[in-house]
Amino acid sequence: MALVSEFLGQLTLSYGTEPEPTFPTVVPARDFDPARDAARIDVAIKTKGTDEQTIIDILTRRSYEQRRDVAFEYERFAKKVWSVSSSASMLPRAPHVSMTTLGLGLSAGSGHSPEGGAVGLAGDGLGTDEETLIEIICSRNNEELTEIKKFYREMFKKELDKDIAGDTSGNFAKLLLALVQTKRDEPSNVIDYEMIDNDARSLYEAGVKRKGTDVTTWISIMSQRSVPHLQKVFERYKSYSPYDIQESIRKEVKGDLEKSFLTLVDCFQNRQLYFANRLSEAMKSKGAKEKVVTRIIVSRCEVDLKKIRSEFKRQHKKSLFQTIAEHTKGDYQRALLSLCGGDD
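Rules of the game
- Residues numbered from 1 in each chain as written.
- Predicted model: local features only at pLDDT ≥ 70, side-chain atom pairs only at ≥ 80, totals over all residues.
- Heavy atoms only, no water.
- Helix = DSSP H or I, 4+ residues; strand = E, 2+ residues; numbered from the N terminus.
- Buried < 20%, exposed > 50% of the residue type's maximum accessible area, 1.4 Å probe, protein only.
- Contact = heavy atoms within 4.5 Å.
- pLDDT = per-residue confidence, 0-100.
- Phe/Tyr/Trp six-rings, centres within 6.5 Å; stacked < 30°, edge-to-face > 60°.
- Core = buried A, V, L, I, M, F, W, Y, C linked by side-chain atoms within 4.5 Å.
- Salt bridge = Lys/Arg side-chain N within 4 Å of Asp/Glu carboxyl O.
- Arc of directions from axis to C-beta.
- Axes fitted to C-alpha atoms, helices over the stretch in contact; angles between N-to-C directions.
- Parallel < 35°, antiparallel > 145°, perpendicular 65-115°, else oblique.
- Left-handed = near helix turned anticlockwise from the far one by under 90°.
- Nonpolar A, V, L, I, M, F, W, Y, C, P; charged D, E, K, R; others polar.

Caption draft 1: Focus on the overall build of the protein chain. Regarding its fold elements, the protein chain presents 19 helices and zero strands. When each of the 344 residues of the protein chain is scored for burial, the buried share is 52%. The contacts in the protein chain between residues at least 6 apart in sequence include a share of 75% that link residues at least 24 apart.

Caption draft 2: View of the confidence of the model for the protein chain. Looking at the protein chain, pLDDT values average 81 and 79% of them are 70 or higher. The element-level mean pLDDT for the protein chain is lowest in helix α5 (residues 84-90), coming to 44, with helix α12 (residues 215-224) highest at 98. Of the regions scoring below 50 in pLDDT, residues 84-97 engages in 31 contacts with residues more than four places distant in sequence or in other chains. Note that pLDDT drops below 50 for residues 108-127; the model gives that stretch 56 contacts with residues more than four away or on any other chain.

Caption draft 3: Examining the packing of aromatic side chains more closely. Within this structure, the stated rule accounts for four aromatic pairs. Judged by centre distance (5.6 Å) and plane angle (80°), the ring pair of Trp218 and Phe261 falls under edge-to-face. With Trp218 in helix α12 and Phe261 in helix α15 (residues 255-284), this pair connects stretches of sequence that are 43 residues apart. By relative accessible area, which is 0% here, Phe261 ends up buried. Plain terms: the ring middles of Phe234 and Phe268 are 6.3 Å apart, the flat faces sit at 20° to each other, and that makes the pair stacked.

Caption draft 4: View of the nonpolar core. Counting 40 residues, the largest nonpolar core has Leu203, Met222, Phe234, Ile245, Ile249, Phe261 and Leu264 as the members making the most contacts within it. Ignoring sequence-local partners within four residues, the contact set of Ile245 consists of Leu203, Met222, Phe234, Tyr237 and Val265. With 24 residues, the next largest nonpolar core counts Val26, Met283, Tyr332 and Leu336 among its residues.

Caption draft 5: A look at the side chain of Arg278. Mapped onto the secondary structure, Arg278 falls in helix α15. For Arg278, a relative accessible area of 10% translates into the label buried.

Caption draft 6: Focus on the pattern of salt bridges. Under the counting rule described, the total for this entry stands at 22 salt bridges. A salt bridge links Arg201 to Asp197, with the shortest nitrogen-to-oxygen separation between them at 3.0 Å. Note that Arg201 and Asp197 are positioned in helix α11 (residues 193-206) at a spacing of four residues, about one turn of the helix. On the accessibility criterion, Arg201 (27% relative accessible area) is partly exposed. Judged by relative accessible area, Asp197 falls into the buried class, the value being 17%. Residues Glu205 and Lys209 are paired through a salt bridge, measuring 3.9 Å at the closest nitrogen-oxygen approach. A residue is classified by how much of its surface remains accessible, and Lys209, at 54% relative accessible area, is exposed.

Caption draft 7: Spatial organisation of helix α9 (residues 160-167). Burial in α9 covers these residues: Leu160, Asp163 and Ile164. Seen along its axis, α9 keeps its buried residues to an arc of 100°; they face one direction. The exposed set on the far side of α9, more than 90 degrees from its buried face, consists of Lys162 and Gly166.

Caption draft 8: Region of the structure containing the packing of helix α3 (residues 52-60) against helix α19 (residues 330-340). Taken N-terminus to C-terminus, the directions of α3 and α19 make an angle of 25°; their axes are 9 Å apart at the nearest point. Judged by the angle between their axes, α3 and α19 are roughly parallel. The handedness of the crossing between α3 and α19 comes out as right-handed. Touching Glu52, Gln53, Ile56 and Thr60 of α3 are Asp331, Arg334, Ala335, Ser338 and Leu339, all from α19. Tallied by class, the residues present in the contact of α3 with α19 amount to three nonpolar, three polar and three charged.

Caption draft 9: Molecular detail of the environment of Tyr74. Tracing the backbone shows Tyr74 in helix α4 (residues 64-78). Residue Tyr74 is classed as buried on the basis of its relative accessible area, which comes to 4%. Here the alpha-carbon distance between Tyr74 and Ala35, two residues 39 residues apart in the chain, equals 7.3 Å.

Caption draft 10: Structural view of the packing of helix α14 (residues 245-252) against α15. Remark: α14 packs on α15, axes separated minimally by 9 Å, with the N-to-C direction vectors making an angle of 175°. Classed by the angle they form, the pair α14 and α15 counts as roughly antiparallel. Judged by residue contacts, Ile245, Gln246, Ile249 and Arg250 of α14 engage Glu258, Phe261, Leu262, Val265, Asp266 and Gln269 from α15. Its residues assigned to classes, the contact of α14 with α15 shows five nonpolar, two polar and three charged.

This is the structure:
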């Protein structure tokens, strides 16, 4: 399971087939010169004690595509392969290897898309991490899940669904497997009100209305319907049930299955708020869950981190920038603040 969860743990998330508005904190640098950046990194590495600030500046203020170009130039310039292992060795090792983990998330996988970029972080013996599996798999669309499975097969010579089936069980496994089968409907301009009503009633009759829960029906609807359709289903659901969909989930199922369904609903309704809350929880925990913080900041900085910042401030009455500053330190803190892109 460590192989699965760590592989998934650094991937970028998105919904839908049509381009969504983006709110990035990291954008392509102007006057970009990959050869110049590669030379600066080489000098920074060779500097006595390592010039961490230069490495941080380059890795956190370049887009993914630009970092890939820098990696190519670095390999040509330094006659070294920019690999996961070499990327780790070039970065300062802050307590709990937090800075190294962040650096790997930013610099690894120069030959792959962002979905494959953190492959080198997989399989480090951390054990089963259902929380990561839930966060990632419950946040992916068909295209992204297909690409994840492809990279997993190429890198590990294994099938992702088979590993998930072998390492999880029960209805939790059934839900994850249903999601990775990529049978979710694509968004449509046609609103099918009859289907919306039928799905809302089916969710109610499969749960709150009956004794016990028909989880198979819940899994089928949650894993196969498009996101805009499900948003309308959840609204319609209130006309049948005395509880909203979240309350119904909490009453009907427990454990990892409950967390999975709640994550799906949260992401369908307001994905940026979901990530803001995840960041808040991770930094409030004793010792801060650095992998969670790193994964979200790195994966969202070129997508919607500005909007996540806004949701964070609205929900938690304190800026994400200030919260990062309070709960992290050293080079790791400086890198995260740079990716955060400013105070609100």
